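Observations on the three-dimensional arrangement
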Amino acid sequence: MTPPVSVLSDATIIALVTEGRIRIDPWDPSLVQPASVDLRLGDSFRVFHNHRTSAIDLRDPPVNLTEEIKIEADEPFVIHPGEFALGRTLEWVELPDDIVARIEGKSSLGRLGLIVHATAGFCDPGWRGTLTLELANLTRIPIKLYAGLAIAQLSFMTLDAPAQRPYGHEQLGSHYQGQVEATESRYGNPAGESQGAKRPR
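Scoring rules and cut-offs
Residues numbered from 1 in each chain as written. Predicted model: local features only at pLDDT ≥ 70, side-chain atom pairs only at ≥ 80, totals over all residues. Heavy atoms only, no water. Helix = DSSP H or I, 4+ residues; strand = E, 2+ residues; numbered from the N terminus. Buried < 20%, exposed > 50% of the residue type's maximum accessible area, 1.4 Å probe, protein only. Areas by Shrake-Rupley, 256 points an atom, 1.4 Å probe, with all protein chains shown as cover. Phe/Tyr/Trp six-rings, centres within 6.5 Å; stacked < 30°, edge-to-face > 60°. Core = buried A, V, L, I, M, F, W, Y, C linked by side-chain atoms within 4.5 Å. Contact = heavy atoms within 4.5 Å. Pairing = 2+ DSSP bridges. Arc of directions from axis to C-beta. Polar contact = N/O pair within 3.5 Å; in protein donor to acceptor, adjacent residues only side chain to side chain.

**Let's talk about the overall build of the protein**
Counting secondary structure elements, the protein contains two helices and 15 strands. For the protein, with 201 residues in total, the buried portion stands at 40%. A total accessible area of about 11,300 Å² is found for the protein, and carbon and sulfur atoms account for 51% of it.

**So, the packing of aromatic side chains**
The tally for this structure, following the rule as stated, stands at two aromatic pairs. Here F45 and F77 contribute two aromatic rings whose centre-to-centre distance is 3.9 Å and whose plane-to-plane angle is 5°, an arrangement assigned as stacked. Of this pair, F45 sits in strand β4 (residues 44-48) while F77 sits in strand β6 (residues 77-79), placing them 32 residues apart in sequence. Its relative accessible area of 0% is what places F45 among the buried residues.

**Comments concerning the nonpolar core**
Across soluble globular proteins, nonpolar side chains have a tendency to be buried as a group. If you look at the biggest cluster of nonpolar residues, it comprises 36 residues, and the most contacted ones within it are L145, L154 and F156. Elements represented by at least two residues in this core include exactly α1 (10-19), β3 (36-40), β4, β6, β9 (99-105), β13 (132-137), β14 (143-145) and β15 (150-158). At four residues, β15 tops the list of elements feeding residues into this core. Not counting residues up to four positions away in its chain, the partners in contact with L154 are S36, V37, L39, V93, A101, R102, I103, C123 and L131.

**Some details on the pairing of β3**
Remember that side chains alternate between the two faces of the sheet whenever the strand is regular. Within β3, five of the five residues are buried, which leaves the element mostly enclosed by the surrounding structure. Every second residue of β3 is oriented toward a common face, with S36, D38 and R40 on one face and V37 and L39 on the other, all of them buried. Bridging between strand β2 (residues 32-33) and β3 involves two bridges; their strand directions are antiparallel. Within the sheet, the bridge partner assigned to Q33 lies in β3 and is S36.

**Things to note about unusual backbone geometry**
Glycine aside, the phi torsion of most residues is negative, and most peptide linkages are trans. Residue D25 is joined to P26 through a cis peptide bond whose omega torsion reads 5°. The residue P26 is located in the loop between β1 (23-25) and β2 in this model. Although it is not a glycine, D74 adopts a positive phi angle of roughly 70°. Among the structural elements, D74 can be located in the loop between β5 (66-70) and β6. Under the relative-accessibility criterion, D74 is labelled exposed at 72%.

**Some remarks on the environment of L90**
Mapped onto the secondary structure, L90 falls in the loop between β7 (84-88) and β8 (92-94). Classification of L90 as partly exposed rests on a relative accessible area of 24%. In this structure, the C-alpha to C-alpha distance between L90 and G148, residues 58 residues apart in sequence, is 6.9 Å.

**A short note on α1**
One turn of an α-helix holds 3.6 residues; hence residues three or four places apart share an orientation. For α1, every residue scored as buried is listed here: I13, L16 and V17. One side of α1 holds all its buried residues, which, seen down the axis, span an arc of 100°. Away from its buried face by more than 90 degrees, α1 exposes A11, T18 and E19. Contacts from the buried residues of α1 go to β1, β3, β9 and β15. Positive backbone phi, at 90°, marks G20, one or two positions downstream of α1.

**Quick notes on the side chain of D38**
Looking at where D38 falls in the secondary structure, it is placed in strand β3. The exposure class assigned to D38 is buried, which follows from its relative accessible area of 8%. At 3.1 Å, the side chain of D38 forms a polar contact with the side chain of K106. Once residues lying within four places of it in the same chain are set aside, the contact partners of D38 are L31, Q33, K106, A152 and Q153.

**Overview of the sheet that holds β1**
With antiparallel pairing, three strands are arranged side by side in an open sheet as β1-β8-β12. The sheet is open, and its two borders are formed by β1 and β12 (128-129), each paired with just one other strand. As defined by bridge partners, β1 adjoins β8 across three bridges and the pair is classed as antiparallel. Residue pairing across strands places I24 opposite V93, the latter belonging to β8.

This is how it looks when you write it as structure tokens:
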């Protein structure tokens, strides 16, 4: 009989982080919720240059469509109405080969019109890196974001068995393993190498 797939509780999350099976760096136990961990916003963003291309052609994706912006402490990053930008989490996350994670926006921010991810809500077993956020402002009012702000929450689930080819496996061509900054799309780029696995400071 296949063992059940279960969402990890707060006690289990803390135990697995303490054992080193899950890595969250920097680690703050006060951010643990009943079945998730709050993640904070990092200082790296990517904004789109719409004037550089007439369309995003998925058969021939454009390059250099975004520019990285880094903010200082207490400096706001303003996301304007209808605007889309990429950000990253402050926390570096590492998963073993038998645990997956899901990133979700915080309800309080969603009620203010801030979307944290469009589709990239799933973290494969074997993942290492910060998490890129897909930020969108659905309101008609600019929203100011700050590094260190609680921006999302990460929940964890156990697999029925360890993955045979976890994320980063040489046969998969995993594009984003070890990412540190907010990372633009590498869709259609099989040679796209991930950034070095150097944790953010």
